[in-house]
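So the chains spell out like this:
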Amino acid sequence: MTNEVQPDMTWSELADSEGDARVSEMQQRFDGLAGLDQSAREQQAESMIRAEYTLEDEPLADFTEARLRSWMSLAGSNLGRAQDVARAYEKAFERVPGGMAMHHAALVQTVARDRFTPEDIDVLYELIPRHVENVPRASQEAVEHSVGTQRLTASAMGGSGKPWWKFW
């Protein structure tokens, strides 16, 4: 007899759904998951994860994006429930094979960096801080504006743009 949780293939079948429909279906599943007690939530999350990681890389990336968007949507209506779901996923990833967990971490960071806005990253940071802490949270425009403001301030003060402590 094995104690390994079996994949919930109905979860990975959501990969066949399109865009907003997939996010909506996922949000309904996560809302139900949030209603379970912690132990059941973690076990169900592990079952979902094992099914999710049977997908090939490109469909898995799209699936991951939809999952994260559904968490963000859930967070918009109830941050606590979304955090419960995200924590269950994190705990479940502690019980899956290491290669799967590493693939998950890399995939979440890649999807977040490539497909989400800085504002989205701020929301994800409330849910999965360990996975998005190294993803830039400021837009390029904000960074450029900040650098431009620093240069203007330095030139208005008559400085050369060097910090005061650099005397050479």
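Check the entry above for the structure.
Residues numbered from 1 in each chain as written. Predicted model: local features only at pLDDT ≥ 70, side-chain atom pairs only at ≥ 80, totals over all residues. Heavy atoms only, no water.

**Student:** Which parts of the structure should I look at to understand the nonpolar core?
**Tutor:** Soluble, globular proteins show a tendency: their nonpolar side chains are buried together. Ranked by internal contacts, the top residues of the largest apolar core, which has 42 residues, are Phe30, Trp71, Tyr89, Leu124 and Ile128. When residues of this core are traced back to their parent elements, those giving at least two are α2 (19-34), α3 (38-52), α4 (57-77), α5 (79-93), α6 (98-115) and α7 (118-127). Here this core takes nine residues from α4, the largest share from any one element. Residues within four places of tryptophan 71 in sequence aside, it is in contact with Phe30, Ala82, Val85, Ala86, Tyr89, Leu127 and Ile128. (Core = buried A, V, L, I, M, F, W, Y, C linked by side-chain atoms within 4.5 Å. Buried < 20%, exposed > 50% of the residue type's maximum accessible area, 1.4 Å probe, protein only. Helix = DSSP H or I, 4+ residues; strand = E, 2+ residues; numbered from the N terminus. Contact = heavy atoms within 4.5 Å.)

**Student:** For this particular structure, what's the right way to read α5?
**Tutor:** Since the α-helix packs 3.6 residues into each turn, any two residues three or four apart lie on the same face. When the terminal C-alpha atoms of α5 are compared, their 21 Å separation across 15 residues agrees well with the 21 Å that a helix rising 1.5 Å per residue should span. Among the residues making up α5, those that are buried are Ala82, Val85, Ala86, Ala88, Tyr89, Glu90, Ala92 and Phe93. Among the residues of α5, the N-terminal cap falls to asparagine 78, whose side-chain oxygen and the backbone nitrogen of glycine 80 are separated by 3.2 Å. (Expected span 1.5 Å × (residues − 1). Polar contact = N/O pair within 3.5 Å; in protein donor to acceptor, adjacent residues only side chain to side chain.)

**Student:** Looking at this structure, how should I read the packing of aromatic side chains?
**Tutor:** Working definition: an aromatic ring pair is given by the centre-to-centre distance plus the angle between the planes. Enumeration over the complete set of coordinates arrives at seven aromatic pairs. Between tryptophan 11 and phenylalanine 63, the aromatic rings sit 5.3 Å apart at their centres with planes inclined by 90 degrees, giving edge-to-face as the arrangement. Residue tryptophan 11 is found in helix α1 (residues 9-12), and its partner phenylalanine 63 is found in helix α4; the two are separated by 52 residues along the sequence. Residue phenylalanine 63 is classed as buried on the basis of its relative accessible area, which comes to 0%. On the basis of an interplanar angle of 55 degrees and a centroid distance of 6.2 Å, the ring pair of tyrosine 89 and phenylalanine 93 is categorised as tilted. Placement of both tyrosine 89 and phenylalanine 93 in helix α5 is noted, with a separation of four residues, approximately one turn of the helix. There is no split in this pair, since tyrosine 89 and phenylalanine 93 are both buried. Three or more aromatic residues joined by ring pairs make a cluster, and in this case those are Trp11, Phe30, Tyr53, Phe63, Trp71, Tyr89 and Phe93. When the ring centre of tryptophan 71 is taken as origin, the NZ or CZ atom of arginine 67, which lies over that ring, is 5.1 Å away. (Phe/Tyr/Trp six-rings, centres within 6.5 Å; stacked < 30°, edge-to-face > 60°. Lys NZ or Arg CZ within 6 Å of the ring centre and 35° of its normal.)

**Student:** What's the story with the environment of alanine 40 in this structure? I'm lost.
**Tutor:** Mapped onto the fold, alanine 40 is located in helix α3. Each C-alpha atom, one on alanine 40 and one on alanine 88, is 9.2 Å from the other, the two residues being 48 residues apart in sequence.

**Student:** How should I be thinking about the packing of α2 against α4 in this particular structure?
**Tutor:** When two helices pack together, their arrangement is given by the angle between the helix axes and by the axis-to-axis distance. It is the contact of α2 with α4, at a shortest axis distance of 8 Å, that shows an interaxial angle of 60 degrees. In terms of orientation, α2 lies oblique with respect to α4. Judged by the twist between their axes, the crossing of α2 over α4 is right-handed. Mapping the contact onto sequence places Arg22, Val23, Met26, Gln27, Phe30 and Asp31 in α2 and Asp62, Phe63, Ala66, Arg67, Arg69, Ser70, Trp71, Ser73, Leu74 and Ser77 in α4. A breakdown of the residues in the contact of α2 with α4 according to their chemical character gives seven nonpolar, four polar and five charged. (Axes fitted to C-alpha atoms, helices over the stretch in contact; angles between N-to-C directions. Parallel < 35°, antiparallel > 145°, perpendicular 65-115°, else oblique. Left-handed = near helix turned anticlockwise from the far one by under 90°. Nonpolar A, V, L, I, M, F, W, Y, C, P; charged D, E, K, R; others polar.)

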